[in-house]
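Residue-level structural notes
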Amino acid sequence: MTIKKILIVAGTHGNEVNPIWAVNQLNKEQNNVNKDIEYKYIIGNPLAYEKGSRYVDSDLNRSFNSNNQNTKKNKNNYEINRAKFLVEQYGIKGAEPCQIAVDLHTTTANMGTSIVMYGRRIKDFCLAALLQNKFGLPIYLHEKDKRQTGFLVEAWPCGLVIEIGSVAQNYYDSKIINRFLIIINSLREEINKLTKNLIAIPKKLIVHVHQGSIDYPRTQNGDINGLIHPDRMNKDWKPIKKGDPLFLDIEGNTLRYSGPDIIWPVFISEVAYKEKNIAMSFTKKEVICSSNDWLENFLEL
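One structure accompanies this document, and this report is about it. (Residues numbered from 1 in each chain as written. Predicted model: local features only at pLDDT ≥ 70, side-chain atom pairs only at ≥ 80, totals over all residues. Heavy atoms only, no water.)

Put simply, helix α5 (residues 122-135) and helix α6 (residues 174-195) touch, their axes get as near as 10 Å, and they point 115° apart. Accordingly, the angle class assigned to the pair α5 and α6 is roughly perpendicular. Where α5 crosses over α6, the handedness of that crossing is right-handed. Listed contacts from α6 to Cys126, Leu127, Leu130, Leu131, Lys134 and Phe135 of α5 are Ile182, Ile183, Ser186, Leu187, Glu190, Ile191 and Leu194. (Axes fitted to C-alpha atoms, helices over the stretch in contact; angles between N-to-C directions. Helix = DSSP H or I, 4+ residues; strand = E, 2+ residues; numbered from the N terminus. Parallel < 35°, antiparallel > 145°, perpendicular 65-115°, else oblique. Left-handed = near helix turned anticlockwise from the far one by under 90°. Contact = heavy atoms within 4.5 Å.)

Below you can see the structure in the form of structure tokens.
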């Protein structure tokens, strides 16, 4: 296996400041080339970071779509142009090609430390399995949502999001920063162990597969008319069954889950998702058995 370059992206959303602190600290503390793998650190959205905002013109983590980049109306869109630059500079055919992208995010939801995958790419399964096996991290497999596309890691042959919360936007938390440091420092070690046959791919991967999202209750004018129910708040990854409370409306009425299947909610009351009309997303658990193809495809990077 040849030397790999891994792109570590912090600040894809400018108001998620803890990943930026973590990569700045790593940049000062260690040589970027270690154990045959080179890290390339980059702030995804520096202008939004300067402004303390999630984005300037549009969500950078929805901007890696070639169709959007080639339209005249997006010619002056900062995030669309930034996405194009990142791919041209660090994409697999870029000036400084990286085979893997790891996108670091924080959330205001009580997600703990978790992995987000987009779709069912075999190389991603391999990388996610390594991290789940090492740290026991839950995995949110985001698919089946045509409204949300153009994610950063999809522009690389292999890539994952590390999502940590809860933490407020623009608020530094040393515990959150330390979690990022631990994962980033361990990533190269786990990959090297795998390539030298010191560890094996786990036999199975447990994922929570995206089923859909629900909005807050709203009035006819579009105003939010209900809050996350107290029994549901901060209960990300905890199962919900029919009849369990979801919302408490302004009149004090409890709105309950009416679906037939048990579901697992994620990103409950994520502040940034209010503009997307998402109060929480629903998932179902799935066990995926690993295969030799995972490792073979990963080693071809």
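Cis geometry is adopted by the peptide bond preceding Ser166, which originates at Gly165 and carries an omega value of 15°. The residue Asn197 is not glycine, and still its phi comes out positive at about 60°. Relative to the elements of secondary structure, Asn197 occurs in the loop between α6 and β8 (204-214). Judged by its relative accessible area of 66%, Asn197 is exposed. A positive phi angle, close to 60°, is found at Asn277, a residue other than glycine. (Buried < 20%, exposed > 50% of the residue type's maximum accessible area, 1.4 Å probe, protein only.)

What follows is about the sheet that holds strand β9 (residues 226-228). Pairing in this open sheet of 3 strands is antiparallel, and the strands run β9-β10-β11 from one edge to the other. Two strands in the sheet have a free side with no partner beyond their single neighbour: β9 and β11 (254-256). Here the strands of the sheet are splayed against their neighbours by 35° on average, with no regard to which way each runs. Two elements, β9 and strand β10 (residues 245-249), share 3 bridges in a ladder whose sense is antiparallel. Across the sheet, the residue bridging to Ile228 is Phe247, located in β10. (Pairing = 2+ DSSP bridges.)

The analysis is restricted to geometry; functional conclusions fall outside its scope.
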